[in-house]
Amino acid sequence: MTLASRDRTDLPEGAMLLDCTIRDGSYAVDFQFEDDFAVELLAGLGETSVPLVEIGHGLGLEAERAGVRACSIADERWCEIAGSTLGDKQWGMFAQPSFTRVSSIAAMCDRGMSFVRVGMEAEKVADNLGYLDEVADACPRVYLNLMKTSDTALDRLLPMLEGVRDDLAGVYVVDSHGTMLPADVRAYVSAVARHFATVGFHGHNNLGMANVNSITALQSGALIADGTLNGIGRGAGNAELESLAGIIAKTDRDRFGYRQLARLAEFCRANMRVVPEDRTMQVFGGVIGIHSGYFPLVSELSEKTATDPAVLMETAAGLTDHSPTKDHFHRAAALLAHRAAA
Ligand SMILES: C[C@H](O)CC(=O)C(=O)O
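Bear in mind that the values here come from a model prediction, so they are computed numbers and not experimental data.

S.K.: Got a minute to help me understand the packing of aromatic side chains in this structure?
M.R.: Between two aromatic rings, the relevant description is the distance of the centres plus the angle of the planes. Within the structure shown, the criterion is met by 7 aromatic pairs. For the ring pair Phe33 and Phe37, a centre distance of 6.1 Å and an interplane angle of 0° mean the geometry is stacked. The pair formed by Phe33 and Phe37 is uniform in burial state, with each residue classed as buried. Taking the centre distance of 5.6 Å and the plane angle of 90° together, the rings of Phe115 and Tyr143 count as edge-to-face. Of this pair, Phe115 sits in strand E4 (residues 115-121) while Tyr143 sits in strand E5 (residues 142-147); the two residues are 28 residues apart in sequence, bridging distant segments of the chain. In this structure Phe115 comes out as buried when scored by relative accessible area, which is 0%. Members of the aromatic cluster, each reached through a chain of ring pairs, are Phe33, Phe37, Trp78 and Phe267. The aromatic ring of Phe94 is capped on one face by Arg23, whose charged end is 4.5 Å from the ring centroid.

Below is the structure:
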């Protein structure tokens, strides 16, 4: 079948996909993987043309230091599995300045890790420039992952990136709430791409937009789009790696081996015991722009105050010009309870 020229994606030649099935997908299985499953999945990925693979705990290296349930597979073991299955692919882990020690990143690099993605909100970048420098000394390829990017208006975002070293491996626009639409992706990605040579995009799928957003990102100047097999990931999940590869195969050429990825997606669907998630909350979160990490608190408070969770989310969002925090949800619940009693 010949595609109309308007259906071609016209991606840059160097466009890459990053598989984060293990890292983001770990949330969906409460961070518990069987060793055999991990070996088979990474060996399968090793046979594809996907150049970048992210493994380890969903929140990042040493997340257990922040009180989160540990991954069933230890970081050292992840390095062994990746080293023995991924051949010469680049593989890495996520890190957050509040709990990941630079010495631990260095230790993973000694075990073969080739990149680290350091996640933080744009507001926190200025305070963490020193941390980024130290990580850059410890690891050859450092990506800055701007978590919840859409919480920061574009005109405020770029000044917040001042001082970020330009020798980073790349800077990521991250749709953590799955709230962005293609026009948002275009605006953020093209603006960040004017300042950094390599831009990545990581999309969540609350509103079913993650695939089209990822393709839009690649068309707007991003060189990397993230995906997970079968879209398995935190909350509503992510862009589907096999679909991204398939769309690229259909509109350009088969750059990433979509057939093998489709088989691996089915392998994940059949073998990952995904913890059920509340679809109502995912959609509300996508529309209102609330992170899935707050859904349990929103459920608890809305039950206590007999309020619609969407109203609670909207009220909390109205209390701040940024992303609501725990405190905003508590204040919103108190406000709604007070109004109901009046
Ligand atoms: C630590 C987070 O899970 C990073 C991420 O993937 C997101 O913000 O989305």
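Now that the structure has been shown, we can carry on.
S.K.: Teacher, can you tell me more about the side chain of Ser220 here?
M.R.: Along the chain, Ser220 turns up in the loop between helix H8 (210-219) and strand E8 (224-227). Within polar-contact distance, the side chain of Ser220 engages the backbone oxygen of Thr216 at 2.6 Å. With residues near it in sequence (within four places) discarded, Ser220 still touches Arg186, Val189 and Ser190.

S.K.: How do you make sense of the nonpolar core when you look at a structure like this?
M.R.: Soluble, globular proteins show a tendency: their nonpolar side chains are buried together. Within the largest apolar cluster, 78 residues are counted, with the highest numbers of intra-cluster contacts made by Leu42, Leu45, Trp78 and Ile105. Within the second largest apolar cluster, 16 residues are counted, among which are Met281, Tyr294, Met313 and Ala333.

S.K.: Sorry, what's going on with the domain arrangement of the protein chain here?
M.R.: Interfaces are often sized by the accessible area lost when the parts come together. We note that the domain assignment places domain 1 (14-271) and domain 2 (279-341) within the protein chain. Computed from C-alpha atoms alone, the centre-to-centre distance between domain 1 and domain 2 is 28 Å. Of the roughly 1100 Å² buried at the junction of domain 1 and domain 2 (both faces included), carbon and sulfur atoms supply 49%. In terms of surface lost to domain 2, no three residues of domain 1 exceed Asp151, His177 and Asn206, which account for 42% of the buried area on that side. Here domain 1 and domain 2 share 0 salt bridges between them. Across the contact surface, domain 1 and domain 2 share 10 residue pairs in polar contact (both at pLDDT 80 or more).

S.K.: Quick question: what am I supposed to make of the site of the ligand here?
M.R.: Close to the ligand lie Arg23, Asp24, Tyr27, Gly58, Phe94, Gln96, Met147, Val174, Ser176, His202, His204 and Arg234. Contact distances for the ligand include 3.0 Å between an oxygen atom and a side-chain N or O atom of Arg23. Interatomic distance of 3.4 Å between a side-chain N/O atom of Asp24 and an oxygen atom of the ligand. Taking 270 Å² as the accessible area of the ligand by itself, protein coverage stands at 97%. Here the element with the most residues in the shell around the ligand is helix H1 (residues 21-28); it accounts for 3 residues. Among the residues forming the shell around the ligand, the class breakdown is 4 nonpolar, 5 polar and 3 charged.

S.K.: How should I be thinking about the state of the cysteines in this particular structure?
M.R.: When the sulfur atoms of two cysteines share a covalent bond, that bond is a disulfide. Considering all chains together, one arrives at 0 disulfides under this definition. Lacking any disulfide linkage, Cys139 is separated from the closest cysteine sulfur, that of Cys109, by 3.3 Å. Cys139 sits in the buried class, given a relative accessible area of 3%.

S.K.: Can you walk me through helix H13 (residues 309-318) in this structure?
M.R.: Three- or four-residue spacings in an α-helix give side chains the same orientation, since the helix completes a turn every 3.6 residues. Considered for burial, the residues of H13 that qualify are Ala310, Leu312, Met313, Thr315 and Ala316. Contacts made by the buried residues of H13 are with helix H11 (279-288), helix H12 (295-304) and helix H14 (326-341). A side-chain oxygen of the first residue of H13 lies 2.8 Å from the backbone nitrogen of Ala310; this N-cap is Asp308.

S.K.: Hey, could you run me through the UniProt feature "domain: Pyruvate carboxyltransferase" (unreviewed entry) in the protein chain in this one?
M.R.: Those residues carrying the UniProt feature "domain: Pyruvate carboxyltransferase" (unreviewed entry) are residues 15-264 in this numbering. Across residues 15-264, the secondary structure splits into 39% helix and 16% strand, with the terminal C-alpha atoms separated by 21 Å.

Criteria and cut-off values
- Residue positions within a chain follow its written sequence, with the count starting from 1.
- Local features are withheld for residues below a pLDDT of 70 in this predicted model, meaning they are given only at 70 or higher, and side-chain atom pairs are given and counted only at 80 or more; totals for whole chains, interfaces and linings count all residues.
- With hydrogens and water set aside, each side-chain value is computed from the structure's full complement of heavy atoms.
- A pair of Phe, Tyr and Trp rings is counted when the ring centres sit within 6.5 Å of each other, with Trp represented by its six-membered ring. The angle between the planes then sorts it: under 30 degrees is stacked, over 60 is edge-to-face, the rest tilted.
- Burial status follows relative accessibility: with a 1.4 Å probe on protein chains alone, a residue under 20% of its type maximum counts as buried, one over 50% as exposed, and anything between as partly exposed.
- Here a strand is any run of E in DSSP of at least two residues, a helix any run of H or I of at least four, and the numbering for each starts at the N terminus.
- Here, over-ring charges are defined by two tests on the NZ atom of lysine or the CZ atom of arginine: distance to the ring centre within 6 Å, and angle to the ring normal within 35 degrees.
- Throughout this description, a polar contact denotes any pair of N or O atoms lying within 3.5 Å of each other; where both atoms belong to protein, one of them has to be capable of donating a hydrogen while the other can accept it, and for residues adjacent in sequence the pair is counted only when both atoms sit in side chains.
- Contact between two residues is taken to exist if any of their heavy atoms lie within 4.5 Å; hydrogens are not considered.
- Each nonpolar core is a collection of buried residues, namely Ala, Val, Leu, Ile, Met, Phe, Trp, Tyr and Cys, held together in the definition by side-chain atoms within 4.5 Å.
- The domain boundaries here were taken from an automatic or database domain assignment.
- Accessible-area loss on putting two parts together, using a 1.4 Å probe and summing over both, is the definition of buried area adopted here.
- Every case where a carboxyl oxygen of Asp or Glu lies within 4 Å of a side-chain nitrogen of Lys or Arg is listed as a salt bridge.
- Nearness is defined per residue: one heavy atom within 4 Å of the molecule or strand is enough.
- Under the convention used here, a 1.4 Å probe and the Shrake-Rupley method define accessible areas, while residue burial counts only the protein chains that appear.
- Gly is placed with the polar residues, together with every amino acid not listed as nonpolar (Ala, Val, Leu, Ile, Met, Phe, Trp, Tyr, Cys and Pro) or charged (Asp, Glu, Lys and Arg).
- Any two cysteine sulfur atoms within 2.5 Å of one another count as a disulfide.
- UniProt positions are given in the numbering used here, feature names are shortened, and annotations may be inferred rather than shown by experiment.

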